[in-house]
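# Summary of structural features
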Amino acid sequence: MKKISTLLVLLLLLIILTTFNPNYFSTDFQLFKIKNIEIKNLKILNEKKIERLFYNELIGSNLFILNEKKIKKILNDIELIDHVELKKVYPSKLSILVYEKDAIAIINYKKNKFYLSKKGEEITFFNNPILEELPNIFGKQENFLDIYLSLDQLNFPIKEIKSFYHFDIGRWDIILKNDKVIKLPVKNFTTSLKNYMELKKKVNFEKYSIFDYRIKDQLILK
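For the structure given in this document, a descriptive report is provided here. (Residues numbered from 1 in each chain as written. Predicted model: local features only at pLDDT ≥ 70, side-chain atom pairs only at ≥ 80, totals over all residues. Heavy atoms only, no water.)

Here the focus is the overall build of the protein. Looking only at helices and strands, the protein has six helices and twelve strands in total. Counting all 222 residues of the protein, 35% fall into the buried class. Within the protein, contacts between residues separated by at least 24 positions form 49% of all contacts whose residues are at least 6 apart in sequence. As displayed, the protein has an accessible area near 14,400 Å², and 55% of this comes from carbon and sulfur atoms. (Helix = DSSP H or I, 4+ residues; strand = E, 2+ residues; numbered from the N terminus. Buried < 20%, exposed > 50% of the residue type's maximum accessible area, 1.4 Å probe, protein only. Contact = heavy atoms within 4.5 Å. Areas by Shrake-Rupley, 256 points an atom, 1.4 Å probe, with all protein chains shown as cover.)

As structure tokens, this is what we get:
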């Protein structure tokens, strides 16, 4: 039986290879038509919506030769998607692993709103309950990624941040969800953030709502 199965497979391959025509194969060939599409790894985007987009573009097309233009069209339309990994499950299933961009804040500038990715990309704003929990940036996002990197490296609880305010002189205020304000200097803001993290451990920390580091080598508490 094993020999017969092997011979049948070889015969099928021989027929395919000896009658191969790229145009015919990609449009009319009846084997390996996509009948099922599976979406995996989504954390933010709506799974049914993304699945529907891929269905509309790819269902019924050939699994053996995927249409890259149609896939790129979807990726261009959905800015939050960074890239996808495709797995062909023969004879008729396409499994798609979706990787989303890492959005870190909402930019509010001149009446426009965007999401900002960890790589500094601006993503068109759309309503999403998960992303809308991100901190807001007011003003220019000049050197914001430097601030964010310092916060990340210090294990600062970024989820506790409500907003960032940029000032034209080049410095930032950080507003926390508990209404505490950290006023950073133009330079050496990492040192100020380290100091703030140390103060958080102090017993009398809750007494203060403003931590002003604007004057070099000084901290004003209010």
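Our next topic: the side chain of S192. On the secondary structure map, S192 appears in helix α6 (residues 189-199). Among residues more than four places away in sequence, those in contact with S192 are L184, P185 and Y213.

On to the pairing of strand β1 (residues 36-40), then. The two faces of β1 differ: I37 and I39 on one face are buried, but N36, E38 and K40 on the other face are not. Sheet topology note: the β1/strand β3 (residues 93-100) ladder contains five bridges and is parallel. For K40, the partnering residue across the bridge sits in β3 and is L97. (Pairing = 2+ DSSP bridges.)

Before going further, it helps to examine the packing of aromatic side chains. Where two aromatic rings form a pair, the distance of their centres and the angle of their planes describe that pair. One pass over the structure, following the stated rule, counts 13 aromatic pairs. Taking 5.1 Å as the distance between ring centres and 90° as the angle between the ring planes, the aromatic pair formed by Y196 and F211 counts as edge-to-face. Here Y196 is found in helix α6, whereas its partner F211 is found in strand β11 (residues 210-212), with 15 residues between them in sequence. What makes F211 buried here is its relative accessible area of 1%. In textbook terms, an aromatic cluster arises when at least three aromatic residues are bridged by ring pairs, as seen for F144, Y148, F164 and W172. For the cation-ring pair, K113 lies above F125, with the distance from its terminal atom to the ring centre recorded as 4.4 Å. (Phe/Tyr/Trp six-rings, centres within 6.5 Å; stacked < 30°, edge-to-face > 60°. Lys NZ or Arg CZ within 6 Å of the ring centre and 35° of its normal.)

What follows concerns the side chain of N108. If you trace the backbone, N108 turns up in strand β4 (residues 103-109). There is a polar contact of 3.2 Å between the side chain of N108 and the backbone oxygen of I106. Residues in contact with N108, not counting those within four places in the same chain, are K113, N136, I137, F138 and G139. (Polar contact = N/O pair within 3.5 Å; in protein donor to acceptor, adjacent residues only side chain to side chain.)

As summarised here, the arrangement of the nine strands in space is β6-β5-β4-β7-β8-β9-β10-β11-β12, forming an open sheet in which the pairing is mixed. A single partner strand is all that each edge strand has here, and the edge strands are β6 (122-124) and β12 (220-221). The pairing of strand β10 (residues 181-183) with β11 spans three bridges and is classified as parallel. By the bridge assignment for β11, I182 is matched with F211.

Turning our attention to the environment of L145. By secondary structure assignment, the location of L145 is in helix α5 (residues 144-153). Accessibility expressed as a relative area gives 32% for L145, which makes it partly exposed. Along the backbone, L145 and L116 are 29 residues apart, and their C-alpha atoms lie at a distance of 9.6 Å. Once you skip the residues sitting within four places of it in the chain, L145 turns out to touch I104, L116, S117, K118, K119 and G120.

Before going further, it helps to examine the pattern of salt bridges. Scanning the entire structure with this criterion turns up 13 salt bridges. A salt bridge links E121 to K101; the shortest N-O distance between them is 3.5 Å. Of this pair, E121 sits in the loop between β5 (112-117) and β6 while K101 is found in the loop between β3 and β4, placing the two residues 20 residues apart along the sequence. Its relative accessible area of 29% is what places E121 among the partly exposed residues. Among the residues examined, K101 registers a relative accessible area of 18% and is labelled buried. Here K118 makes a salt bridge to D152, at a shortest N to O gap of 3.8 Å. (Salt bridge = Lys/Arg side-chain N within 4 Å of Asp/Glu carboxyl O.)

Now for the sheet that holds β1. Strand order in the open sheet made by the three strands is β1-β3-β2, with mixed pairing throughout. Here the strands that pair on one side only, and so sit at the sheet edges, are β1 and β2 (81-89). Each strand axis lies, on average, 20° off the axis of its neighbour in the sheet, ignoring direction. Bridging between β2 and β3 involves eight bridges; their strand directions are antiparallel. Paired with V84 across the strands is V98, a residue of β3. Sheet contacts for helix α3 (residues 47-58): β1, β2 and β3; angle to β1, the most-contacted strand, approximately 145°. (Axes fitted to C-alpha atoms, helices over the stretch in contact; angles between N-to-C directions.)

Shape descriptors only; they carry no functional weight alone.
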